[in-house]
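Structural overview
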Amino acid sequence: MIEELIRRTAAEDDDAIEELCEIADADPRRLAPYQGLMLDLDVLWPAKLYRAAGADVVRRVIERIDDGRTPDRLNHLLLILAHCAHPLAESAMRRWSTQPPVGADELHVGALSYALEGGWTIGPDDSRRDLCGDTAHRWVMRETPRRADGPTCPWCASPLWVAVDLDTAEPAIEAALTHAAWSGRLVIETCHFCACYTTLYSRVTPSGSATWWAGNTRPSYLPDAAEPEDPPALLPVLGPALPNPYQASAWNRGGSTLGGRPDWIQDAEHADCPGCGQPMDYVGLIGGADLDDFGEGAYYLHLHQPCGFAAVNYQQS
Ligand SMILES: [Zn+2]
Ligand SMILES: [Zn+2]
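Residues numbered from 1 in each chain as written. Chains lettered and ligands numbered in written order. Predicted model: local features only at pLDDT ≥ 70, side-chain atom pairs only at ≥ 80, totals over all residues. Heavy atoms only, no water.

Details of the pattern of salt bridges
Formally: We count a salt bridge whenever a side-chain nitrogen from Lys or Arg sits within 4 Å of a carboxyl oxygen from Asp or Glu. Secondary structure counts use DSSP, requiring at least four H or I residues in a row for a helix and at least two E residues in a row for a strand, with both numbered from the N terminus. Exposure categories follow from relative accessible area, calculated using a 1.4 Å probe and restricted to protein chains: below 20% of the type maximum is buried, above 50% is exposed, and the middle band is partly exposed.
Counted according to the given criterion, the structure contains 21 salt bridges. Linking R59 and D56 is a salt bridge whose minimum nitrogen-to-oxygen distance equals 3.6 Å. Of this pair, R59 and D56 both sit in helix α4 (residues 55–67), separated by 3 residues, roughly a single helical turn. Overall, R59 belongs to the partly exposed group, its relative accessible area being 42%.

If you want it as structure tokens, here you go:
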């Protein structure tokens, strides 16, 4: 069945691509035995089909980049290496960051920056850092009363939205935030309106305090809100554990997820920490479909514990 789907995908059958993606999200290892065929048939996209790639497949991709005969495929090949995150991929990407492969002049970013698409980065100490956790839980929306006298957005005057209120005293939450080294209560407060236009940062502490960061810069394209808007009267609470980190959905109802890997609608957009300039750790996503009957897009939550910053950004199709 998978072989048939791959052949249909090679013929650009959208339904087959979707089915393969569903398999990649449900159990990435199921595709591993077929990745050689995928390379043979030039099925290089979406890169998440290669999440569980083994050394043989990774070597073939690296050789194909090194031989330089298909520079027009370089973008897709680097995305594959980013998603598989294999140690061989990492060392090749480090090598290309100083010795760019053929075709690299057509890319928008350096080879090593592709790592962000797979949720990892190389830190200032030259070690690898995974930005995402391996455990994930569904977020279930719970009605929450509007705060009468809470803080408001300095830009649009809307009451700030408590996007999450987490505490690592709960073992499942502790597990989901282990990669971010967070311990204590984590409240992330943002403007649900302005976050749709730019990444909004706040200062956070393990006592659960959250403060709008004075360094947030209002973008010139931010529309003037006629009237302040009430934020969603919903707070995500811990739902069932998910079988793997790939179950978040930025599109579907019930897709909001604590931990695991983000389902980006556009290219990966791990927020850079204003304190240190490094990409922040990923906390989870809240889908617009879970906030509103007509909601779209998704809010992505980020954290950098060493600097005490949280961030929220938003993507839509
Ligand atoms: Zn605002
Ligand atoms: Zn930082």
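Some thoughts on the side chain of H137
To keep things clear, this is the line we draw: Under this definition, polar contacts are N or O atom pairs within 3.5 Å; protein pairs additionally need one hydrogen-donor-capable and one acceptor-capable atom, and for neighbouring residues in sequence, both atoms have to be side-chain atoms. For this analysis, residues touch if any pair of their heavy atoms sits within 4.5 Å.
Residue placement: H137 occurs in strand β3 (residues 136–143). Looking at H137, its side chain comes within polar contact range of the main-chain oxygen of G239, at 3.1 Å. Setting aside residues up to four positions removed in sequence, H137 forms contacts with A172, L238, G239, P240, A241, L242, S256, T257 and L258.

Side note on the coordination of the zinc ion (ligand 2)
Cut-off, in case you're wondering: Metal coordination here is assigned from N, O and S atoms located within 2.8 Å of the ion, or within 3.2 Å for Na, K and Ca; omission of water means that sites may look incomplete. Here the metal geometry follows the donor angles, with tetrahedral for four donors whose angles all fall between 85 and 135 degrees, square planar for four and octahedral for six when opposite donors are more than 155 degrees apart and every other angle is between 65 and 115, and irregular for all the rest.
Of the protein atoms, only C273 (SG), C276 (SG), H304 (ND1) and C307 (SG) coordinate the zinc ion (ligand 2), at distances of 2.0 to 2.4 Å. Every donor counted, the 4 donor atoms about the zinc ion (ligand 2) form angles of 100 to 113 degrees at the centre, which fits tetrahedral coordination. Here the donor residues for the zinc ion (ligand 2) map to a single chain with the spacing C-x2-C-x27-H-x2-C. Among the residues examined, H304 registers a relative accessible area of 8% and is labelled buried. C307 gets classed as partly exposed once you look at its relative accessible area, which sits at 23%.

Considerations on unusual backbone geometry
P46 follows W45 through a cis peptide bond whose omega is -5 degrees. Of note, D126 is a non-glycine position whose phi angle comes to about 75 degrees, a positive value. Among the structural elements, D126 can be located in the loop between β1 (120–122) and β2 (128–130). The backbone of A181 shows a phi angle near 60 degrees, a positive value even though the residue is not glycine. Assignment of secondary structure puts A181 in the loop between α7 (171–176) and β5 (185–190). Classification of A181 by relative accessible area gives partly exposed; the value is 48%.

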